[in-house]
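Here is what each chain is made of, one letter per residue.
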Amino acid sequence: MAADPESETRAQWKLVTLPPGIEWSGRARYAAAMYFYMQGDMDAQTLEVYRYLARLDEEDPADVLRRYRIGADWLDKLSRFLAG
């Protein structure tokens, strides 16, 4: 039986949007970011921010992306997901 791609994507959205401060959340966000990168939904520069922050559970990748003015397409997808 094949896995449900929509179910997998929903699970990855939950991980990539974990709030800062939860133990291991940085690593979980990075793993989910890699999923979205492999799906073509995230560029390499944005993925690199998630990689860099993987050990920094207290940091919010979206804040860092905004601060450095990168990942605008990803931030747009992220805000649509959070609004919806």
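Note that this is a predicted model, so its numbers are computed, not measured.

Draft legend 1. The packing of helix 1 (residues 5–16) against helix 2 (residues 25–38), seen in detail. It is the contact of helix 1 with helix 2, at a shortest axis distance of 8 Å, that shows an interaxial angle of 140 degrees. Between helix 1 and helix 2, the angle is such that the two are oblique. Pair helix 1 / helix 2 crosses with left-handed handedness. In contact with Pro 5, Glu 8, Thr 9, Gln 12, Trp 13, Leu 15 and Val 16 of helix 1, helix 2 contributes Ala 28, Arg 29, Ala 31, Ala 32, Ala 33, Tyr 35 and Phe 36. Residue composition of the contact of helix 1 with helix 2, by class: 10 nonpolar, 2 polar and 2 charged.

Draft legend 2. Inspection of the pattern of salt bridges at higher detail. Enumeration over the complete set of coordinates arrives at 4 salt bridges. The salt bridge involving Asp 41 is made with Lys 77; its shortest N-O contact spans 3.9 Å. Taken together, the positions of Asp 41 in the loop between helix 2 and helix 3 (44–52) and Lys 77 in helix 5 (residues 72–83) put the pair 36 residues apart, joining distant regions of the chain. Residue class for Asp 41 comes out partly exposed when judged on its relative accessible area of 30%. When the shortest N-O distance is used, the salt bridge between Arg 80 and Asp 76 registers 3.4 Å. Of the two residues, Arg 80 and Asp 76 are both situated in helix 5; the distance of 4 residues between them amounts to about one turn of the helix. Given a relative accessible area of 39%, Asp 76 falls into the partly exposed group.

About the cut-offs
Residues numbered from 1 in each chain as written. Predicted model: local features only at pLDDT ≥ 70, side-chain atom pairs only at ≥ 80, totals over all residues. Heavy atoms only, no water. Axes fitted to C-alpha atoms, helices over the stretch in contact; angles between N-to-C directions. Helix = DSSP H or I, 4+ residues; strand = E, 2+ residues; numbered from the N terminus. Parallel < 35°, antiparallel > 145°, perpendicular 65-115°, else oblique. Left-handed = near helix turned anticlockwise from the far one by under 90°. Contact = heavy atoms within 4.5 Å. Nonpolar A, V, L, I, M, F, W, Y, C, P; charged D, E, K, R; others polar. Salt bridge = Lys/Arg side-chain N within 4 Å of Asp/Glu carboxyl O. Buried < 20%, exposed > 50% of the residue type's maximum accessible area, 1.4 Å probe, protein only.

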